[in-house]
Structures are given as structure tokens and as C-alpha cells.
Amino acid sequence: PNSVSSLEAVVSTQSTGEAVGAGDCSLQEEGVTGEDGSYRIRGLSPNCPLTFLVRSDKSDKIRRASPASQLIEVGTEDRAGINFIVFQEPTTFDITGYVEISPEFVSSTKVLLVEDRGSKSGGKQVHSSALDESRIFVFPEMALTSTYTVKIESSLPHSLYNFTVPDVKLRSEGPFQHVNLAFLPIRKSVHQEQATRASFTALTIIVLSMVLAANHATLVPVFTQVYHSVVNRGGGGDSVGLGGPADGMEYIDDIHKGGARRSKSKKK
């Protein structure tokens with residue numbers, strides 16, 4: 001019998017085998033494959049050169065057939081062995097890639113596959129792959145009905161390294177796509193680290209100063225009470241920088257009274 005099957009040796013049902021006359025032979029006949037993938041075309045003229053092929057319809061999702069066609073002259077007897085292998089339109093595609101990265105950063109780096117879901121909802125992570133010494137990653141086959149983004153995820157601290165996270169958006173076409181990513185962190189210099197720490201320290205001091213300035217009337221009595229406790233425990237010793245316990249208390253009381261007077265004047 002004549003047959004149509006797929007590359008995986010699976011029979012192709014409901015495919016159409018077609019015979020078209022060549023040269024002076026003008027005819028066109030067709031036959032549909034059955035459950036076993038076989039087809040039969042009747043009504044062919046003997047001693048007539050015919051081109052046999054598999055007709056591709058949109059509903060069949062056939063991309064191409066091999067061979068594309070066969071030119072055969074049919075005699076008076078039935079002809080068998082006119083077979084075709086069809087290749088279906090892909091519905092999924094495989095994703096592989098390579099990351100250009102220094103060996104010291106391999107263990108702290110992952111590659112993520114994110115399914116894009118529009119700007120409002122963002123994306124959904126569907127797979128992740130840890131890197132090894134080969135720096136090659138492979139994701140399972142994904143549906144062609146969605147679009148995806150491949151991106152890098154790193155656990156390196158930004159306080160110690162300068163780096164940007166690369167990403168690549170994949171086209172929704174198959175059956176295979178390969179992407180290349182470059183992840184090249186640079187360790188910050190000592191000057192940059194010191195500048196970062198100094199900025200943080202300065203910010204902390206500014207915030208504390210603002211809190212103290214806004215709540216001095218409340219905080220001074222608390223400091224006064226703490227000071228009394230320290231002096232009492234110290235047995236009345238001299239206080240460094242203030243000339244003694246009495247001088248120190250007078251200084252704190254003056255600050256408290258000045259803050260209270262300013263607070264009352266604001267309320268009025």
C-alpha cells in the first residue's frame with residue numbers, strides 16, 4: 001500500500017495524497033489516508049506520467065513532506081510503495097544558551113525563564129537553571145503560544161560589585177532557539193566602598209539629628225533622669241567636661257527650660 005507517516009514513524013491520518021498529470025496527461029485525483037496512514041487513488045489513466053504529492057492544508061498543520069513529490073508513470077496494474085514522510089508544524093520549541101561569566105561568579109548565578117504576561121501583570125517565572133563549569137543552560141521545551149524572557153539572577157551584593165542584569169526576549173518561533181548572555185560583575189574599589197559607608201553614616205546622623213530636634217522637649221527629661229541615675233551610682237564623682245555633677249545638671253536643666261519655653265511660645 002501507499003502511506004503517509006510522520007518522522008516519528010507515526011501514521012498521519014486524514015492527510016490527502018494527490019496525483020496530478022504531467023506533460024500531455026491532464027488529470028487530477030486524490031485520496032485521503034485512513035487510520036493506518038495508507039491511501040489509495042483511483043481513476044488514473046494507464047501509461048500516463050503522474051506527479052504524486054501530499055497536499056498541505058492548514059488544518060493538517062503539515063509543514064512539508066519528504067520527498068516533496070514523486071514522478072511516476074502508472075501502468076495497467078496497481079502501483080504500491082509511493083510513500084511520504086510529513087513534518088508537522090511545531091507547537092513547542094527548545095531553549096538553550098551560554099553565559100559569558102568569570103568562574104568565580106558561576107556558583108552565585110542562575111538563569112531564569114520568565115513567561116511574559118503583559119506590562120500590567122508582569123511575568124511569571126516558569127523555570128530556573130543553575131550554572132556549572134560549562135556555562136551552558138538548557139530549558140525544557142515550551143509552547144509557541146507564549147513569549148518568554150531569559151534573564152540572569154545573581155546573589156552578589158550591589159554594595160560590593162557593579163553589574164547589570166542582562167535579559168533576552170525570545171521570539172515565538174521554533175523549533176529551537178539559542179541565546180547568549182554576558183554577565184561581567186566588577187568589584188568596587190576601596191574608595192567606592194568607603195564613599196558608600198560615609199554616605200550611609202552621614203544619612204544616619206542627619207536622621208537622628210532631625211529626630212532629636214523635633215522631640216527635644218520630650219527627650220531632655222529622659223536624659224536628665226539617666227544622668228541622675230549615673231551620678232547617684234558614681235557616688236558623686238566629678239563629671240568629665242562639665243566640672244562636676246552640679247554643673248552638669250545645671251547645664252541639662254538650662255537646656256530643658258529653654259526647650260520648654262520655646263515649646264510654649266509655639267503653642268501660643
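A brief look at the structure comes next.

Definitions and limits used
Residues numbered from 1 in each chain as written. Predicted model: local features only at pLDDT ≥ 70, side-chain atom pairs only at ≥ 80, totals over all residues. Heavy atoms only, no water. Helix = DSSP H or I, 4+ residues; strand = E, 2+ residues; numbered from the N terminus. Buried < 20%, exposed > 50% of the residue type's maximum accessible area, 1.4 Å probe, protein only. Polar contact = N/O pair within 3.5 Å; in protein donor to acceptor, adjacent residues only side chain to side chain. Contact = heavy atoms within 4.5 Å. Pairing = 2+ DSSP bridges. Axes fitted to C-alpha atoms, helices over the stretch in contact; angles between N-to-C directions. Salt bridge = Lys/Arg side-chain N within 4 Å of Asp/Glu carboxyl O. Patch = residues over 30% accessible without salt bridge, like charges linked within 9 Å, V, L, I, M, F, W, Y side chains within 5 Å. Areas by Shrake-Rupley, 256 points an atom, 1.4 Å probe, with all protein chains shown as cover. Disulfide = S-S within 2.5 Å. Phe/Tyr/Trp six-rings, centres within 6.5 Å; stacked < 30°, edge-to-face > 60°.

**So, the side chain of Thr149**
1) Next: Tracing the backbone shows Thr149 in strand E13 (residues 148–154).
2) Next: On the accessibility criterion, Thr149 (11% relative accessible area) is buried.
3) Next: A polar side-chain atom of Thr149 sits 3.0 Å from a polar atom in the side chain of Asp116.
4) Next: Setting aside anything within four residues of it in sequence, one finds Thr149 in contact with Leu112, Leu113, Val114, Asp116, Asp167, Val168 and Lys169.

**Brief notes about the sheet that holds strand E16 (residues 176–182)**
1) Next: As summarised here, the arrangement of the three strands in space is E12-E9-E16, forming an open sheet in which the pairing is mixed. Looking at the sheet topology across the chains shown, the edges are occupied by strand E12 (136–143) and E16. Each neighbouring strand pair of the sheet contributes to a mean axis angle of 20°, computed without reference to strand direction.
2) Next: In this structure, strand E9 (residues 92–100) lies alongside E12, joined through six bridges in antiparallel fashion. The partner of Ile95 across the bridge, within E12, is Phe139.

**A look at the pattern of salt bridges**
1) Next: Per the stated rule, a full pass over the model turns up four salt bridges.
2) Next: A salt bridge links Arg55 to Glu30; its shortest N-O distance comes to 2.5 Å. Taken together, the positions of Arg55 in strand E5 (residues 48–55) and Glu30 in strand E3 (residues 28–32) put the pair 25 residues apart, joining distant regions of the chain.
3) Next: Taking relative accessible area as the criterion, Glu30 reaches 41% and is therefore assigned partly exposed.
4) Next: Of the charged contacts in the structure, one is a salt bridge between Asp116 and Lys169, with a shortest N-O distance of 3.8 Å.

**What about the pairing of E13?**
1) Next: Alignment of strand E10 (residues 109–116) against E13, held across seven bridges, turns out to be antiparallel. Along E13, the bridge assignment pairs Val111 with Ile152.
2) Next: By the bridge criterion, four bridges tie E13 to strand E15 (residues 167–170) in an arrangement that is antiparallel. Its bridge partner lying in E15, Tyr148 is registered against Leu170.

**Some details on a nonpolar patch on the surface**
1) Next: Taken together, the side chains of Tyr98, Ile136 and Val138 present a nonpolar region at the surface, about 280 Å² in accessible area.
2) Next: With respect to the helices, strands and loops of the structure, Val138 is situated in strand E12.
3) Next: What makes Val138 exposed here is its relative accessible area of 58%.

**Here's the deal with the state of the cysteines**
1) Next: The full count for this structure, using the stated rule, is one disulfide.
2) Next: Here Cys25 pairs with Cys48 through a disulfide, and the sulfurs are 1.4 Å apart. In this structure the cystine formed by Cys25 and Cys48 twists about its S-S bond by roughly -135°; its chirality is therefore left-handed. With Cys25 in the loop between strand E2 (16–21) and E3 and Cys48 in strand E5, this pair connects stretches of sequence that are 23 residues apart.
3) Next: Overall, the relative accessible area of 4% leaves Cys48 in the buried class.

**Observations concerning the side chain of Thr109**
1) Next: Structurally, Thr109 is set in strand E10.
2) Next: Here Phe105 takes part through its backbone oxygen, which lies 2.7 Å from a polar atom of the side chain of Thr109.
3) Next: Aside from chain neighbours lying at most four places away, what touches Thr109 is Ile101, Ala130, Leu131, Ile152, Glu153, Ser154 and Phe183.

**Looking at the sheet that holds E3**
1) Next: Reading across from one edge, E3-E2-E5-E7 is the order of the four strands in this open sheet, with antiparallel pairing throughout. What marks the edges here is a single partner per strand, and that holds for E3 and strand E7 (70–74). Sheet twist, expressed as the mean angle between neighbouring strand axes with direction ignored, is 30°.
2) Next: Where E2 meets E3, five bridges bridge the pair, whose relative direction is antiparallel. Note that in E3 the partner of Glu18 across the bridge is Glu30.

**Re the packing of aromatic side chains**
1) Next: One pass over the structure, following the stated rule, counts four aromatic pairs.
2) Next: Ring centres 6.0 Å apart and planes at 55° place the aromatic pair Phe93 and Tyr148 in the tilted group. Highlighted residues: Phe93 in strand E9 and Tyr148 in strand E13, separated in sequence by 55 residues. Of the two residues, Phe93 and Tyr148, both sit in the buried class.
3) Next: Pairing Phe105 with Tyr161 gives two aromatic rings, centres 5.6 Å apart and planes at 90°, and the pair type is edge-to-face. With a gap of 56 residues between them, Phe105 in the loop between E9 and E10 and Tyr161 in strand E14 (residues 161–162) connect regions that are remote in the sequence.

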